There are 2 protein chains.
Amino acid sequence: MPEYKAPLRDIQFVLNEMLDNEQHYQNLPGCEDATPDMVSAILEEGAKFSERVLAPLNQVGDQQGCQFNDGEVTTPEGFKEAYQQFVEGGWPSLAHATEWGGQGLPESIGLVMNELVGTANWSWSMYPGLSHGAMNTIEEHGSDDQKQTYLTKLISGEWTGTMCLTEPHCGTDLGMLRTKAEPQADGSYQISGTKIFISAGDHDMAENIVHIVLARLPDAPAGTKGISLFIVPKFNPQADGAVGDRNGVSCGSIEHKMGIHGNATCVMNFDNATGYLIGAENKGLNCMFTFMNTARLGTALQGLAHAEWGYQNSLIYARERLQMRSLKGPAYPDKPADPIIVHPDVRRMLLTQKAFAEGGRALIYFCAQLVDKVKLSTDVEEQKSADELLAFLTPIAKAFLTETGFESANQGVQIFGGHGFISEWGMEQNVRDSRISMLYEGTTGIQALDLLGRKVLMSQGESLKSFTKIVHKFCQAEAENDALQEFVGPLADLNKEWGDLTMKIGMQAMQDRDEVGAASVDYLMYSGYVVLAYLWGRMALVAQQKLAEGTGDKAFYESKLHTARFYYQRILPRTRALAVTMQSGADNLMAMGDEHFSS
Amino acid sequence: MPEYKAPLRDIQFVLNEMLDNEQHYQNLPGCEDATPDMVSAILEEGAKFSERVLAPLNQVGDQQGCQFNDGEVTTPEGFKEAYQQFVEGGWPSLAHATEWGGQGLPESIGLVMNELVGTANWSWSMYPGLSHGAMNTIEEHGSDDQKQTYLTKLISGEWTGTMCLTEPHCGTDLGMLRTKAEPQADGSYQISGTKIFISAGDHDMAENIVHIVLARLPDAPAGTKGISLFIVPKFNPQADGAVGDRNGVSCGSIEHKMGIHGNATCVMNFDNATGYLIGAENKGLNCMFTFMNTARLGTALQGLAHAEWGYQNSLIYARERLQMRSLKGPAYPDKPADPIIVHPDVRRMLLTQKAFAEGGRALIYFCAQLVDKVKLSTDVEEQKSADELLAFLTPIAKAFLTETGFESANQGVQIFGGHGFISEWGMEQNVRDSRISMLYEGTTGIQALDLLGRKVLMSQGESLKSFTKIVHKFCQAEAENDALQEFVGPLADLNKEWGDLTMKIGMQAMQDRDEVGAASVDYLMYSGYVVLAYLWGRMALVAQQKLAEGTGDKAFYESKLHTARFYYQRILPRTRALAVTMQSGADNLMAMGDEHFSS
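As a starting point, this report considers the structure included with it. (Residues numbered from 1 in each chain as written. Chains lettered and ligands numbered in written order. Predicted model: local features only at pLDDT ≥ 70, side-chain atom pairs only at ≥ 80, totals over all residues. Heavy atoms only, no water.)

### Things to note about the pattern of salt bridges
Residue and element names in this part refer to chain A.
Item 1. In the structure shown here, the tally under the stated rule is 64 salt bridges over all chains.
Item 2. The salt bridge involving Lys5 is made with Glu51; its shortest N-O contact spans 3.6 Å. Placement of the pair is Lys5 in the segment before α1 (8-18) and Glu51 in helix α3 (residues 36-54), with a sequence separation of 46 residues.
Item 3. By relative accessible area, which is 56% here, Lys5 ends up exposed.
Item 4. Two residues, Glu407 and Arg574, come together in a salt bridge whose shortest N-O distance is 2.8 Å. Taken together, the residues span a long stretch of sequence, with Glu407 in helix α11 (residues 380-415) and Arg574 in helix α18 (residues 574-582) at a distance of 167 residues.
Item 5. Of the residues examined, Arg574 reaches a relative accessible area of 23% and is grouped as partly exposed. (Salt bridge = Lys/Arg side-chain N within 4 Å of Asp/Glu carboxyl O. Helix = DSSP H or I, 4+ residues; strand = E, 2+ residues; numbered from the N terminus. Buried < 20%, exposed > 50% of the residue type's maximum accessible area, 1.4 Å probe, protein only.)

### Observations regarding the pairing of strand β11 (residues 265-278) of chain B
All names here are of chain B.
Item 1. Pairing geometry for strand β5 (residues 189-199) and β11, over eight bridges, is antiparallel. For Gly193, the partnering residue across the bridge sits in β11 and is Phe270.
Item 2. Summarising the sheet, strand β7 (residues 228-233) and β11 pair through three bridges and their orientation is antiparallel. Paired with Phe230 across the bridge in β11 is Leu277.
Item 3. Sheet analysis places strand β10 (residues 249-254) next to β11, joined by five bridges and oriented antiparallel. Each bridged residue has a counterpart across the sheet, and for Val249 the counterpart in β11 is Phe270. (Pairing = 2+ DSSP bridges.)

### Some remarks on the packing of helix α7 (residues 122-141) of chain A against helix α8 (residues 144-156) of chain A
Residue and element names in this part refer to chain A.
Item 1. Interaxial distance between α7 and α8 falls to 10 Å at its minimum, and their mutual angle equals 150 degrees. Considering their axes alone, α7 and α8 lie roughly antiparallel with respect to each other. Pair α7 / α8 crosses with left-handed handedness. Of the residues in α8, those in contact with Ser131, Ala134, Met135, Ile138 and Glu139 of α7 are Gln146, Lys147, Tyr150, Leu151, Leu154 and Ile155. (Axes fitted to C-alpha atoms, helices over the stretch in contact; angles between N-to-C directions. Parallel < 35°, antiparallel > 145°, perpendicular 65-115°, else oblique. Left-handed = near helix turned anticlockwise from the far one by under 90°. Contact = heavy atoms within 4.5 Å.)

### Describing the interface of chain A and chain B
Quoted interface sizes are often the accessible area lost when the parts come together.
Item 1. Across the boundary between the two partners, chain A contributes 97 residues, which contact 97 residues of chain B.
Item 2. When residues of chain A are sorted by the area they lose upon contact with chain B, Phe421(A), Arg570(A) and Phe597(A) head the list and together hold 10% of the total.
Item 3. For the interface between chain A and chain B, the tally reads eight salt bridges.
Item 4. Among the salt bridges present, the one from Lys328(B) reaches Asp514(A), with a minimum N-O distance of 3.7 Å.
Item 5. Remark: the boundary between chain A and chain B carries 51 residue pairs in polar contact (both at pLDDT 80 or more).
Item 6. Grouping the constituent residues of the side of chain A that touches chain B by class yields 43 nonpolar, 29 polar and 25 charged. (Buried area = accessible area lost by both parts, 1.4 Å probe. Polar contact = N/O pair within 3.5 Å; in protein donor to acceptor, adjacent residues only side chain to side chain. Nonpolar A, V, L, I, M, F, W, Y, C, P; charged D, E, K, R; others polar.)

### Here we look at helix α9 (residues 284-320) of chain B
All names here are of chain B.
Item 1. Between its terminal C-alpha atoms α9 stretches 54 Å, which fits the 54 Å expected from 37 residues at 1.5 Å a residue.
Item 2. Approximately 30 degrees is the largest bend angle found in α9, and it occurs at Thr290.
Item 3. Counted residue by residue, α9 has 28 buried out of 37 residues, so it is predominantly covered. (Expected span 1.5 Å × (residues − 1). Bend = angle between axes of the 7 residues up to and from the residue.)

### A few points about the relation of the copies chain A and chain B
Item 1. Of the two same-sequence chains, chain A is brought onto chain B (RMSD 0.0 Å, axial shift 0.0 Å) by a rotation of 180 degrees. What we have between these two chains is a two-fold relation.
Item 2. In this assembly, 100% of the residues forming the interface of chain A have copies in chain B that are likewise at the interface, indicating an isologous arrangement. (Least-squares fit on C-alpha atoms with pLDDT ≥ 70 in both.)

Remember, this is a structural readout, not a statement about activity or role.
Here it is, written out as structure tokens:
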């Protein structure tokens, strides 16, 4: 059975040694108490809960799945009890406003906790995960009454939340949505329509579910400018806050799907359900963007989760499984065969997982600091530049980390050989669970258009520069550091090439808009490799400094340096292919008539 | 529900227009009757059976899976009846010896039929597929008595076969196998041991199952030199050929696995089962190699199958699904949104599937002609060179086509967006079913070691030259063909680089054997891209000639040219990354101590 051990040492490395989170929290108002010791204490508790309660339920969730009977969803054995413990531990309230019952800790700590919970059991983690989306939306756009009624219950964890966007005929293209909201005399609305792919749409874990629903007012303009946002509770709250009668919203069915079986993916039917407007009329999509950025970072985290889970279990197997001898002759002559970790290609796969898991962690924690700054910084300039940088990095983190997370999960299957295909080992579940991450919260293709079309080209490249100047600064600062040249040299070259490629594509796009779509995914993946190269460069620097100081933990820091080297020599050259293909133009995609695709 | 339409036009293109199969059959003794008309007639019948009988059972097989109760395996609804029809149609006997009841058609026609059957329903196709393995083994190594008793029944399809190699502690490393064979006074053997991962190991589709089993004689030398091969029937045949009493072999359980649910993957227990030696004592593994090459080509075909299935269904969806407008403005203004086929990135994914499916078909049919020559040619020189070339191409076809088949299946999920993750659309099943192909019959890593270590380097590069000289000849012949220079130029460069890289790695390997394993998978994938580039070059040439002749079917040939161009501009540049990584040396993999992988 697969296992999970929270990688606290590596988390501490990124938080404290690389990103200097202590200083970061000292600079943020209200976060001064978040000392490394306090953060450690929280994470140790979180690690115990994730390892002991959630991880053992991961396979159970996959095998049992959710059940749908008589209009009600039942979650897999143990899910409900685990959620009860989670609520009792106060976890839902960690990074939410004290005013509404939260603990007021910075979002970045919440994200680290989400990593532990999500790696241990992604399907389970989506129940509280979707609640965060609902909480953030109400916190930002709701009225005080709405906060009092709904937010407090979500923060306490008594109720959970969902986000209801997609309809059968529209996913990416929300402008086409049809769900209607009819204004009522009492100021409420009657919501009618069908939503699909609603994660955690119904379940038996909490006494009420707060749906955040996109719908259209009777006189709303067509397209995305006519969408409003509503709160629709499963049970109408009574004046005292207790759960009242059932509202007109129900689960019609649950989807049979490739993975994340432990999470209920629901068709939700709204039949004159009572709803309450959040924010201004027809501004629903603007309100959603707040949520979407957080949600995209949360999904980026899923990539890290599957890479980490895949790596941990592949490593155990690679050390235990005896098969063939090293090409150099027996490495463990006392055993009937060598453990497969002696084989270069098995190591290549393990190091690929390791490089993406640890690099992904660095990227998400780097972004998490930006989230904190956007939310809490009192320095307007700092806040603005954090916001721009986060907007640039979010589509990269989302798409690149989920693509590489899937790749890493898939390497897990390959390392296990035929056993990887068998369910009991858990590696194939890891692939199936990870596959959704490249689809929901905007596919890889959509992230790529957001990055290249909306962020980089619409800002005339300024968005890109917000990051390349950081890389440039790092390369300059380490220009004389001889031992780091194997990283700094290639990084500086790529950083320059990135700008040149952007300029070139931008010029082409002025002639033909299809050039954006034709280059976008290759451009995003290229960007991801360079971003991770920067972070691996920084991690290598820390490791080098620690080794020079001789502070102990030598094996850990050497392992970091090895992995950085592996990343630069074995992964980063993928940019050589991407640089060519992204420049190859739209013609090789668009010249063929739609009708000529079939023979 | 997903659909399948046998791509007869494309099959005819490869067989007749590109590979001139008519001439090929005319040159082979006994194959003169296989005219294009006759082959067409066979394939049209095969197409009907595959489209109408097998394809509709593909999802049924996945959803129901095989059931194991009271020691017996039940296949999904309709599987048994389909097999009955298959036998009545005479399909099992197509490419087997007339002497034992076969139709004596060349193996290459059997392989095309396997494509149709396998694409329609891979899980189902494995039942007759494994029989072919058993048939080929007995045909090549069995005694006349064994052929009379077993081969005739396998060829008629009354019985099916299996290959029993893997044991719990040994898959790749067959030298460790423990199953025992005790000689009996009557010349038979008593076989005892446990085999796992036995595809089609038990089922309800045929009255008897013939297991081909690897086992060890009491006095056998250790390792691979002490393995012998046995026939072990499920029911002992009586003197008249009818099925007699039950033998001591039974299915212990079936595996729960990621995909191919319709095929029973069995644990087989041999408990003093009566078996009969095939071939010489202790030469079992040599006999297996015959089977393995065919089996590897058969598995390569699985890559093509999932790419083709993914492409066909993705294309239907991409034409129907309306979502967003073209970046250039509405392409279909009368519709509420454009079909997603207008988006460059969707086309990139579709063309990737198309390029791998059609390129894969060209590669397998190219290899199939070599199989025919090895088996039937009377020209000793031709036979020898076909054998060498086939030995070189087999690991490439197996690993490269299954890797790209998985990639293509995965693009299918991506093209469907969120719906790709939902079972009813069939795209996620295509990914799950395809995943096993990179594992069984030797993982990608094993194929890569076979290619680089055993084939290329052990022959001092001669094995590679058997193919590069063909590419060189093609490039020379088309050197003055202006319109083909976009293909011939890059191909000639790559063909040269391929040799240079091989030389360089060979030199490194002389210093350190780990250099072989460190370069092998990148080397294999690089080789695959170049092999497909050669075949796409040849297909482009045919298309160009046909267009010049103006023989009609213009859209088809233009589509071929477009796809060739796409392949060269968007896929082939992946060699730029692989050329770098394969040269990066073993150090970035081997320098880290086994114990330093975990933090």
